[in-house]
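Listed here are the chains, written in short residue letters.
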Amino acid sequence: MTAAQSAFQHRHAAHCESGVAANLMTHHGIALSEAMAFGLSSALSFAYLPFVKLTGFPLIAYRMPPKSILKGVSKELKTRFHFETFGDPAQGMRRLDELLAQGRVVGLQTSVFWLPYFPEDMRFHFNAHNLLVYGKDGDDYLISDPVAELPQRCASADLQRARFAKGALAPKGLLYYPEHIGSREIGADAIRRAIVKTVRIMLGPIPIVGVRGINMLANKVARLDTSEHSLNYVGHIVRMQEEIGTGGAGFRFLYAAFLQEAASITGIAELERLSERLNEIGDGWREFALKAARMIKGRERFDPPLLAGMLRTQAGREKEFFQALKRAVA
Amino acid sequence: MDVNEVPQEGNRTLGPHRKALYARDEQGRMVIVPSCGSEVDETVTLQAVDRMNAQAEDARQRAQAGLTAPLEYWMYARRMDVALLSQTSGIWQWRIRRHLQPHRFARLPQRVLQRYAEALSLPLDRLRTLP
């Protein structure tokens, strides 16, 4: 391992892509927190996509699509990333070895299912996971997976399989690293722009996105019958919200952390108060998850209209919140 | 969420791992707190895992009874469905459904079996058997 690689610092993060972006930029000398990477790239969102199916259930996303954090961070920090994909797995592995030998820390897109260090029950076929490789020891790659508390190791055959998994969002061996960093400062303007963009997404006119998307999902939940399938549907919503590396409450707590940092950089004190308020809205999402889990466990009667009501309350609170956020940065 | 409200009751689907959650500390700062997981997470993850395991077990029993090919068991055991196996193997869904019929599966040529074996990361001979 080169000196640069041994200086690499692994930091535990809530979400893979913001964690990778933060750890990679920090490695290159720009102090970037996960929350700042997340907020600066306007990654917070809500989308209910009934036409994209995950194991038979609609995709419910609490953030923007994969790669938007890397793109957003690179835009605001005027950083040029080098992205490379491969048709031939062997070549993709050779190229990774080459870059590691040059002393680089390399970002990879992988499937979750084929990574052996993931807990068995968490291994699903999700292809847009991000991690960093910071060295190689014999046949093992040294891996900084931001959602893992400590650095991990992965044998080359397993890593190859994870990098070249097929299916939706297939990574095709994607690797990346920053080639040129243009700006080392996170300016107040960039932060304000990022917040305005998030407000626009959350209060936008598309019925399946933002606050309107939450209401749309509420309407769908209100129409559920009390069958096993409906219980699975509700479990799926909670899983998307709490389980898939969100930092809790569908990224709401993470964005609250960003608003706090934003307050100190921009000097807009109101953002500090709004961070508190979003923290409380996050607690509302957790109450929804708890209620749903109790119904799944059979401790409470399964009552879809009640859950739909909770979702509508959340939609209402988020609507008011993002309107206030818009005024704060205007 | 305050730091002392971060769930630590444990979640057996996480194993020894902890996940990072954001919460407010005594000074009002939002900080990362490693969480051992909550019963809520465990409930919904196990619900999904159990559903997939039940599908695999059901396929295993039907394969044993000769009603379906072992391929169906292995597909579910790898947490896939026909759509995903099709994307992974490059074999059309309607062909996969045909291949799930035991008499057709028994006649499959080596090269097709090889593609399934690769997609499922299995040695070829195991694809024809059940655990």
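It should be emphasised that the depicted structure is a prediction, and the values quoted were computed from it without experimental measurement.

## Here's the deal with the domain arrangement of chain B
Right, so step 1: Segmentation of chain B into domains returns domain 1 (3-37) and domain 2 (51-127).
Right, so step 2: Once you take the C-alpha centre of each, domain 1 of chain B and domain 2 of chain B turn out to be 40 Å apart.

## Things to note about the domain arrangement of chain A
Residues and elements named next belong to chain A.
Right, so step 1: By domain assignment, chain A separates into domain 1 (3-32 + 79-181) and domain 2 (188-329).
Right, so step 2: If you average the C-alpha positions of domain 1 and of domain 2, the two centres end up 30 Å apart.
Right, so step 3: In total, about 430 Å² of surface goes out of reach between domain 1 and domain 2, with carbon and sulfur atoms giving 65% of it.
Right, so step 4: When the buried area of domain 1 at its contact with domain 2 is split by residue, Ala14, His15 and Met122 rank highest and sum to 72% of it.
Right, so step 5: Counting the contacts that link domain 1 with domain 2 gives zero salt bridges.
Right, so step 6: On inspection of domain 1 and its partner domain 2, the count reaches zero residue pairs in polar contact (both at pLDDT 80 or more).

## As for the interface of chain B and chain A
By a frequent convention, interface size equals the accessible area lost on bringing the separate parts together.
Right, so step 1: Tallying the contact residues gives 40 residues for chain B and 50 residues for chain A.
Right, so step 2: Taken together, both faces of the contact between chain B and chain A bury some 3900 Å²; the carbon and sulfur share is 53%.
Right, so step 3: Between the two partners, chain B and chain A, sit six salt bridges.
Right, so step 4: Notably, a salt bridge pairs Lys297(A) with Glu39(B), separated by 3.3 Å at the nearest N-O pair.
Right, so step 5: At the boundary of chain B and chain A, one finds 20 residue pairs in polar contact (both at pLDDT 80 or more).
Right, so step 6: No other element matches the twelve residues that helix α1 (residues 39-64) of chain B contributes to the side of chain B that touches chain A.
Right, so step 7: When the residues that make up the side of chain B that touches chain A are grouped by side-chain class, the tally is 19 nonpolar, ten polar and eleven charged.

Scoring rules and cut-offs
Residues numbered from 1 in each chain as written. Chains lettered and ligands numbered in written order. Predicted model: local features only at pLDDT ≥ 70, side-chain atom pairs only at ≥ 80, totals over all residues. Heavy atoms only, no water. Domains from an automatic or database assignment. Buried area = accessible area lost by both parts, 1.4 Å probe. Salt bridge = Lys/Arg side-chain N within 4 Å of Asp/Glu carboxyl O. Polar contact = N/O pair within 3.5 Å; in protein donor to acceptor, adjacent residues only side chain to side chain. Contact = heavy atoms within 4.5 Å. Helix = DSSP H or I, 4+ residues; strand = E, 2+ residues; numbered from the N terminus. Nonpolar A, V, L, I, M, F, W, Y, C, P; charged D, E, K, R; others polar.

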